[in-house]
Amino acid sequence: MKFLIAGAGIGGLTAALSLHSVGMRDVRVLEAVPEIRPLGAGVNLLPNAVRELAALELAENLAARGADLTELGYYNHLGQEIWREPRGRAGGSRWPQLALHRGALQTALADSVRARLGNTAITTDARVTGFTPLPGGGVEVSVAHRAGDRPTERIRADVLVGADGLRSAVRQTLYPQEGEPSFNGTAVWRGVTRSAPFLGGRAMVVMGDGRWKAVVYPLAVHPDADGLVPVNWAVSRTVPEGLPSPDAAPAAGDDGFPAAVAGWRCGDLRMAALVADSEAVASFPMLDRDPVPRWSFGAVTLLGDAAHAMAPMGSNATTQAVLDARSLAHALATHDDPITALAAYDRDRRPRMNRLQLLNRAKGPEVVIDLVHERAPDGFGRVEDVVSADRLAQVAGAYARAAGFDVPSVNAPSPYGSPNRPRTAVRER
Ligand SMILES: Cc1cc2nc3c(=O)[nH]c(=O)nc-3n(C[C@H](O)[C@H](O)[C@H](O)COP(=O)(O)OP(=O)(O)OC[C@H]3O[C@@H](n4cnc5c(N)ncnc54)[C@H](O)[C@@H]3O)c2cc1C
């Protein structure tokens, strides 16, 4: 059976590796950019994703490239603790929570695809522009190249997987009326700074005042010769009603950034220094997509951001793309007919992702920061006088269950089988 995957992001590459792990050999990844470069900043792999990557024998390699996080804390803008929970193994999961540079993750996955499926398994400068279902089954995919003597090409396949991200061409062919992604009024600035470790070196901090929010975590745990580690930071600002437009991308100095967060501290973490010392600062509008009623149409399906682009709450997008990939391969391995398999994958993943997209629009677990700010804008003596511990635990627990990283779910065997038992240092406890 011949598979074409549009997009060599985390989702597309993990799909290729997952298909290979269940015995599919004719798998080709088509990537629009001329060269895969380590773009972006930090991403998180929650323990449910690490379990699946361990089944692909990738977890040890990935763990060596990032930080094994052991706690997540929510704080107000004064650095007062609202909620703190142990994460990964420290929280009782059999698998760690890994934070790493998106580029390091993508490069490791691309190297593994080439090593396992062959050097020609990924074609760059190959933008999927659309597809036509074939009457006898399968699909004909249109591909545009910028270089070479064949600007457009048509390739036939039994299955097309649209893993081509937020502005997916495959999704646009399936949902031609959909238009641009939704802008939720929030502007984001992001960077990576070489900095001294903070709060013990393995913590994720989310702090905010109802309008501004900062998310900070390390991308390595072992300091370099100067005692520094790469630290990922993102600052977001909710735009007042009436202003928003996706074109209104923020710029450094715009409307209070970085001054609005310059005084923020959390233990030994200093936002002013993090932003000032950043290697580069990227800025962009926060975008997502509406849930859709169907991902799989005959021999074509969607995966990752192309299927369920969500607001970046709860550090989930990359994790869920990995789970999609494993679910898809499992469905194809356990159904004789690819169309039935794609429908089974849709039933397995889409309802849960539809719910998660809406939860993230409502700020996911980070909603507690706004709640506390509304009730105690100038800080508090004891957080339990502002919001009960039960309520905080309920918000965190409900989100973990919705996203599938609650400890019982993570510690259960993978629902997607285990073609390769983990035989690595990053293994079940
Ligand atoms: C350049 C970049 C930087 C990012 N940085 C961060 C970050 O710092 N932090 C974070 O949390 N998330 C980041 N993300 C998003 C994050 O990678 C995803 O939310 C998540 O990993 C799910 O990945 P995905 O594979 O579904 O989508 P993506 O990571 O968006 O990958 C989609 C891939 O498809 C390719 N593509 C797009 N259109 C076509 C087409 N028509 N034909 C063929 N290929 C196509 C893209 O070039 C890309 O390689 C970034 C995404 C990109 C593309």
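Overview of the structure. (Residues numbered from 1 in each chain as written. Predicted model: local features only at pLDDT ≥ 70, side-chain atom pairs only at ≥ 80, totals over all residues. Heavy atoms only, no water.)

**Section: the overall build of the protein chain**
Phase 1: When helices and strands are tallied, the protein chain shows 13 helices and 20 strands.
Phase 2: The C-alpha atoms of the protein chain give a radius of gyration of 21 Å, which matches the 22 Å a tight globule of 429 residues would have.
Phase 3: Viewed in the frame of its principal axes, the protein chain has a C-alpha envelope of about 70 × 50 × 45 Å.
Phase 4: Buried positions account for 55% of the 429 residues belonging to the protein chain.
Phase 5: Considering only intrachain contacts with a sequence separation of at least 6, the fraction spanning at least 24 residues in the protein chain is 75%.
Phase 6: In the form shown here, the protein chain has an accessible surface area of approximately 17,700 Å², with 51% of it arising from carbon and sulfur atoms. (Helix = DSSP H or I, 4+ residues; strand = E, 2+ residues; numbered from the N terminus. Rg over C-alpha atoms; globule rule 2.2 N^0.38 Å. Buried < 20%, exposed > 50% of the residue type's maximum accessible area, 1.4 Å probe, protein only. Contact = heavy atoms within 4.5 Å. Areas by Shrake-Rupley, 256 points an atom, 1.4 Å probe, with all protein chains shown as cover.)

**Some remarks on the packing of helix 10 (residues 338-361) against helix 12 (residues 389-403)**
Phase 1: Taken N-terminus to C-terminus, the directions of helix 10 and helix 12 make an angle of 145°; their axes are 9 Å apart at the nearest point. In the crossing of helix 10 with helix 12, the sense of the turn from one axis to the other is left-handed. Across the interface between the two elements, Arg352, Leu356, Leu359 and Asn360 of helix 10 pack against Tyr399, Arg401, Ala402 and Ala403 of helix 12.
Phase 2: A breakdown of the residues in the contact of helix 10 with helix 12 according to their chemical character gives five nonpolar, one polar and two charged. (Axes fitted to C-alpha atoms, helices over the stretch in contact; angles between N-to-C directions. Left-handed = near helix turned anticlockwise from the far one by under 90°. Nonpolar A, V, L, I, M, F, W, Y, C, P; charged D, E, K, R; others polar.)

**Topic: the nonpolar core**
Taken as a class, soluble globular proteins show a tendency for nonpolar side chains to be buried jointly.
Phase 1: The biggest cluster of nonpolar side chains holds 77 residues, and the ones touching the most others in it are Ile5, Leu45, Leu62 and Val170.
Phase 2: Dropping the residues within four chain positions of it, Leu45 is found in contact with Val50, Leu53, Leu62, Pro96, Gln97, Leu98, Leu100, Leu105, Thr318, Thr319 and Val322.
Phase 3: Counting residues in each nonpolar core, the second largest holds 26 residues, with Leu72, Leu219, Val368 and Val383 among its members. (Core = buried A, V, L, I, M, F, W, Y, C linked by side-chain atoms within 4.5 Å.)

**Describing the site of the ligand**
Phase 1: Residues in close proximity to the ligand total 28 residues, the closest being Gly11, Glu31, Ala41, Arg102 and Asp305.
Phase 2: At a separation of 3.2 Å, a nitrogen atom of the ligand approaches a polar backbone atom of Ala32.
Phase 3: When the free accessible area of the ligand is taken as 920 Å², the share hidden by the protein chains comes to 80%.
Phase 4: Elements with a contribution of two residues or more to the shell around the ligand: helix 1 (10-21), strand 3 (42-45), strand 9 (127-133) and helix 9 (317-334).
Phase 5: For the shell around the ligand, the element with the most residues is helix 9, which contributes three residues.
Phase 6: Of the residues in the shell around the ligand, the class split is 14 nonpolar, eight polar and six charged. (Near = heavy atom within 4 Å. Polar contact = N/O pair within 3.5 Å; in protein donor to acceptor, adjacent residues only side chain to side chain.)

**Some points on the pattern of salt bridges**
Phase 1: Applying the stated rule across the entire model yields 19 salt bridges.
Phase 2: Beyond isolated ion pairs, a larger network of salt bridges with shared partners links Arg51, Glu52 and Arg326. (Salt bridge = Lys/Arg side-chain N within 4 Å of Asp/Glu carboxyl O.)

**As for helix 11 (residues 367-375)**
Phase 1: Taken as a whole, helix 11 has its buried residues at Val368, Ile369, Asp370, Leu371 and Val372.
Phase 2: Here the buried face of helix 11 lies against strand 5 (71-76), strand 6 (81-86), strand 14 (203-208) and helix 12.

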